[in-house]
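Chain and residue survey
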Amino acid sequence: MLENSIHWLQTKFVPLVLPATWQTVEMVLLSTVFSIILGLPLGVLLYVTDKERGIVPKPVLNQIVNRIIDVFRSVPFLVLMIVLFPLCRLIVGKAIGTEATIIPLTIAAAPFVARLVETALKEIDPGVILAAKSMGSTNAQIIFKVLIPESMPSLVDGVTMTIINLIGYSAMAGAIGGGGLGDLAIRYGYQRFQNDVLVASVIVILILVGVIQMTGTRISMHMLKKR
């Protein structure tokens, strides 16, 4: 039994599962960073231009940004990935693989992040913003010194949810050669009937999701306690 386990680790886990795990981590980590870079400003823009609660109400701009975000959120990920093949080739020189998959992952997650940011900002007590205005704070100061700091626990929860969704998206990307654990599970577990590799891939994905969720929850709770 022990010899079989060692043999499996040497022939399957180390050469197959570990590299695929790293590819998934790389895709999810980079796409999370890029989606936050894109989604955070969009979410703030949605909030500050809101007709009712925004500090700089601009209903037309708000509606335009809303519609754009809704359109991208409504496109299924695999369809979006295929549509973005030309953009992937333009940026990274190929349409499939780990590096190429980061682009559709980012574009799929950015609207999701924007909505989470908007929701987190709407949870802030309007009295806090009014107090900041009464003290002469500029709009930029209200955004960076009031809105974002006050919403940090909710933003951390949102980032945690985004990472978990991206892990799921990266697994789906394996269906069309996206790399990572999803690709490994399909090529070896489904197409070559190596159920041990399939089960190992699923277990690693579950572990990743569990670790991310636990870490995000702890960070969010710590921030709430420090208030």
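Before reading on, note that the structure itself is shown above.
First, a word on what this report is: a plain description of the structure on this page. (Residues numbered from 1 in each chain as written. Predicted model: local features only at pLDDT ≥ 70, side-chain atom pairs only at ≥ 80, totals over all residues. Heavy atoms only, no water.)

Comments concerning the overall build of the protein chain
The secondary structure content of the protein chain amounts to 10 helices and 0 strands. Along the protein chain, helices and strands appear, N-terminal first, in the series α-α-α-α-α-α-α-α-α-α. For the protein chain, the C-alpha atoms occupy an extent of roughly 70 × 45 × 25 Å along the three principal directions. Out of the 227 residues in the protein chain, the part that is buried amounts to 41%. Here the protein chain displays about 12400 Å² of accessible surface, and carbon together with sulfur accounts for 69% of that area. Across the protein chain, 18 positive and 13 negative side-chain charges occur, with their mean positions spaced 4 Å apart. (Helix = DSSP H or I, 4+ residues; strand = E, 2+ residues; numbered from the N terminus. Buried < 20%, exposed > 50% of the residue type's maximum accessible area, 1.4 Å probe, protein only. Areas by Shrake-Rupley, 256 points an atom, 1.4 Å probe, with all protein chains shown as cover. Lys, Arg positive; Asp, Glu negative; His and termini not counted. Charge placed at Lys NZ, Arg CZ, Asp CG, Glu CD.)

So, the packing of helix α2 (residues 59–74) against helix α5 (residues 98–122)
Where α2 contacts α5, the two axes come as close as 9 Å, and the packing angle between them is 130°. Classed by the angle they form, the pair α2 and α5 counts as oblique. The handedness of the crossing between α2 and α5 is left-handed. Only Ile 107, Pro 111, Phe 112, Ala 114 and Arg 115 of α5 make contact with α2, whose side of the interface consists of Asn 66, Ile 69, Asp 70, Phe 72 and Arg 73. Across the contact of α2 with α5, the residue classes tally to 6 nonpolar, 1 polar and 3 charged. (Axes fitted to C-alpha atoms, helices over the stretch in contact; angles between N-to-C directions. Parallel < 35°, antiparallel > 145°, perpendicular 65-115°, else oblique. Left-handed = near helix turned anticlockwise from the far one by under 90°. Contact = heavy atoms within 4.5 Å. Nonpolar A, V, L, I, M, F, W, Y, C, P; charged D, E, K, R; others polar.)

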